[in-house]
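# Remarks on the overall topology
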Amino acid sequence: MEQSYNSISQDVVEKYAHLSSEIKKHNRKYYVDDSPEVSDAEYDALYRELQKLEAEFPELINADSPTQTVGSKPSKAFNKIQHTIPMLSLGNVFSEEELNGFLDRLYRYLKLDQTDKIEIFAEPKIDGLSCSIRYEKGVMVHAATRGDGFEGEDITQNIKTIKTIPHKLKGDFPEIIEIRGEVFMLRKEFDILNQIQKEKGEKVFANARNAAAGSLRQLDSSVTATRPLDFYGYALGEVSQSIGQTQKEIRESIISYGFQGAEPVALCSTVEQLINYYKKMEIERADLNYEIDGLVYKVNNLEYQERLGFVSRAPRWATAHKFPAEKAVTVLEDIDIQVGRTGVLTPVARLQPIGVGGVVVSNATLHNKDEIERKDVRIGDHVILQRAGDVIPQITGVVLEKRRSDSKRYIFPNSCPVCGSDAIQEDDEVAVRCQGGLICDAQAKERLKHFVSRPAFDIEGLGNKIIEQFWDDKIIRSPVDIFTLENREQRDEINIKEKEGWGELSVKNLFQSIQDKKKISFNRFIYALGIRQVGEATAKKLALHYKNLETLSQEMINAKDKAGEAYNDLISIEDIGASVAKDIISFFNESHNQEILDALEKRVEIEAIEETINSDSPVSGKVLVFTGTLVKQSRSEAKALAERLGAKVTGSISAKTDYLIAGDKAGSKLKKAQNLGITTLSEDEWITLSSQKD
């Protein structure tokens, strides 16, 4: 049966939330705790599935998504350093087909044809810990980890203990320069360190990357000094003057200052050359004296890099080409059913634990009922695990030769395992969904966890475990209960301080944390409500459009009439289509939700947000629509330029549109704009306007 957009959208919301949560957890484990629970391949698999969902359903994207952020928040144990230029991450490709896609996007964005060769600088991707080292007048000033990309941990004293990092630069260097690269540990040095650790009865590191990260992030730099760390420089942060016109020249300059660089590198101008380099490195990988997990490809021409710019957390002009995933076979011992915030029943495979590349795997998602039936996965089967695909790890198939003769097909439950309500798969849905709503403890608890999460109310002290505890003890059953805790404690209706793990001080701190978060921006408030398909990005658009809760609530009540102005106004908002609109309208027209909103409005202060506008541009604050074929700029480049100038780019014409930029073969949008009296610009007129200042 062909799946409709609506059914897929509703099904993937729960999957999207799970993926985001898992990636954030692993980011923390990797970047802050230096104790990853999964391998790079597993992480890549999880991240790629999130990218796939966001590409197919952009309305799910929010500012807190792992695809929109870098790394994780720095540890509180270190002082912080703000990066003058953000330390961003890289996109990934895993096949020749995806590599072709990356190159094709470069040519399209730059409006070049295949005769205009784009040189690509290729180099090994070191599996270590990224950091940035700042020099002023040739002398090291400070060094910082990547952190969340904007703020890192101050590791200056630890960096100074690494012998291959110069304290003073050599040669002709700029007055200010930040050298960025990777701290790592050579294979032989890692083996020696682990042997020493074992003899001392201390922690043995799982791999060289963990050893390097753990060594560098010591609070006592004398410990770091005993560890055999190395550093390869490969990129720049802030620099006061140019040190090259190409990526290759930048590398040569960095090495001339006294740094080392990864070898071998290559300068390629065709896919064939890149693939040959990839195959060569894949073979030589095991013989290198350091760990790599792939290659990095960068546009060599810095002028092209400048034009290509960035998208979300990554540059358009670079990507990583990862090496293949590993596979393993283990036994599927059982299938559990988990119920999420929106009632979706998700099957989870409980596996006989197996080590795959140094990581012990015991669980895997089976996605949904249809996926189990399609693969005919049965309890007791030997299943094939692969570190690629949907959720880590992916079950790619069954070893039929080892199937037991008495095995039976798995029967997906038709009732909720938590509340017993009917579990139904509608004709137009992939998901099987519990019909219990808020009477289902699983759904209610997950909504509360979402309400207090970091992108929402961000209430410190009310983590998942505390929500579980307070739910089981019937202390919190709805978001409103959170803001009545202190009063109920004072009236002796509840007694939190007498519970295990609590005391006078911890209860006082919790109440203060709740009090501190009673003031919240309108967009975060909307996100906290947990409306299906409304992520942070959509919440912000709703907040900017409707300004306050009273207006939003009333307009959503009016929007029940699909022929009315309120409905048309809602779907005119960028990225809000019929499917998303349906869920928003349904939420605000449910009486129980309105009761909660009314009660919350009395207990919290909701602040309006204002859109940041570049006031130096004649299109700042204007609404623009592009249509037709542009010749001098690609559509993506023109849109990115408009947004940098403070304009809002939408996909449809309305009375609120200020300018329509019409390229060749403009169609119905041009006619509609003319009928509405909207100013229409040619591509040349747009380029002239965008270069002006007010």
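This is a predicted model, so every value here is computed, not measured.

## Considering the sheet that holds strand E8 (residues 230-239)
- Pairing in this open sheet of 4 strands is antiparallel, and the strands run E5-E4-E7-E8 from one edge to the other. Taken across any chain shown, the strands that pair with only one partner, and hence form the sheet edges, are strand E5 (139-145) and E8. Taken over all neighbouring pairs, the strand axes of this sheet differ in orientation by 30° on average, direction set aside.
- In this sheet, E5 lies alongside strand E4 (residues 129-136) in antiparallel orientation, the contact comprising 6 bridges. Bridge pairing links Cys131 to Thr145 in E5.
- Along the sheet, helix H8 (residues 247-256) contacts strand E7 (176-184) and E8; its crossing angle with E8, the most-contacted strand, is approximately 115°.

## Some remarks on the pattern of salt bridges
- Here the structure, examined in full by the defined rule, presents 30 salt bridges.
- A salt bridge links Glu136 to Arg134; its shortest N-O distance comes to 2.9 Å.
- The class of Glu136 is partly exposed, set by a relative accessible area of 34%.

## Focus on the state of the cysteines
- Counting across every chain of the model gives 0 disulfides.
- You can see Cys416 has no disulfide; the closest cysteine sulfur is in Cys434, sitting 3.7 Å from it.
- Its relative accessible area of 3% is what places Cys416 among the buried residues.
- The thiol of Cys419 is not disulfide-bonded; the next cysteine sulfur, from Cys434, is found 3.6 Å away.

## Some points on the packing of helix H12 (residues 441-451) against helix H13 (residues 464-472)
- Two numbers describe how H12 lies on H13: the axes approach to 10 Å, and their chain directions differ by 135°. In terms of orientation, H12 lies oblique with respect to H13. Pair H12 / H13 crosses with right-handed handedness. Touching Asp441, Ala444, Lys445, Leu448 and Lys449 of H12 are Asn464, Ile467, Glu468, Trp471 and Asp472, all from H13.
- A class-by-class count of the residues in the contact of H12 with H13 yields 4 nonpolar, 1 polar and 5 charged.

## Observations concerning the nonpolar core
- Residues Leu462, Phe470, Ile482 and Phe588 are the most contacted members of the largest nonpolar core, which totals 60 residues.
- Take this core: its biggest share by element is 6 residues, from helix H21 (residues 578-588).
- In this view, Ile482 contacts Leu448, Phe451, Val452, Ile459, Leu462, Ile476 and Ile514; residues no more than four positions away in its chain are not counted.

## Points about the packing of aromatic side chains
- According to the stated counting rule, one finds 15 aromatic pairs in the structure shown.
- Feature note: the residues Phe451, Phe457, Phe483 and Phe525 constitute an aromatic cluster, connected by ring pairs.
- Arg477 extends its terminal NZ or CZ atom over the ring of Trp471, reaching a point 3.8 Å from the ring centre.

## Let's talk about the side chain of His321
- When you line up the elements, His321 lands in strand E13 (residues 318-322).
- Under the relative-accessibility criterion, His321 is labelled buried at 2%.
- There is a polar contact of 2.9 Å between the side chain of His321 and the side chain of Tyr297.

Reading the values: rules and limits
- Residues numbered from 1 in each chain as written.
- Predicted model: local features only at pLDDT ≥ 70, side-chain atom pairs only at ≥ 80, totals over all residues.
- Heavy atoms only, no water.
- Pairing = 2+ DSSP bridges.
- Helix = DSSP H or I, 4+ residues; strand = E, 2+ residues; numbered from the N terminus.
- Axes fitted to C-alpha atoms, helices over the stretch in contact; angles between N-to-C directions.
- Contact = heavy atoms within 4.5 Å.
- Salt bridge = Lys/Arg side-chain N within 4 Å of Asp/Glu carboxyl O.
- Buried < 20%, exposed > 50% of the residue type's maximum accessible area, 1.4 Å probe, protein only.
- Disulfide = S-S within 2.5 Å.
- Parallel < 35°, antiparallel > 145°, perpendicular 65-115°, else oblique.
- Left-handed = near helix turned anticlockwise from the far one by under 90°.
- Nonpolar A, V, L, I, M, F, W, Y, C, P; charged D, E, K, R; others polar.
- Core = buried A, V, L, I, M, F, W, Y, C linked by side-chain atoms within 4.5 Å.
- Phe/Tyr/Trp six-rings, centres within 6.5 Å; stacked < 30°, edge-to-face > 60°.
- Lys NZ or Arg CZ within 6 Å of the ring centre and 35° of its normal.
- Polar contact = N/O pair within 3.5 Å; in protein donor to acceptor, adjacent residues only side chain to side chain.

The values reported here are purely geometric and, on their own, carry no functional implication.
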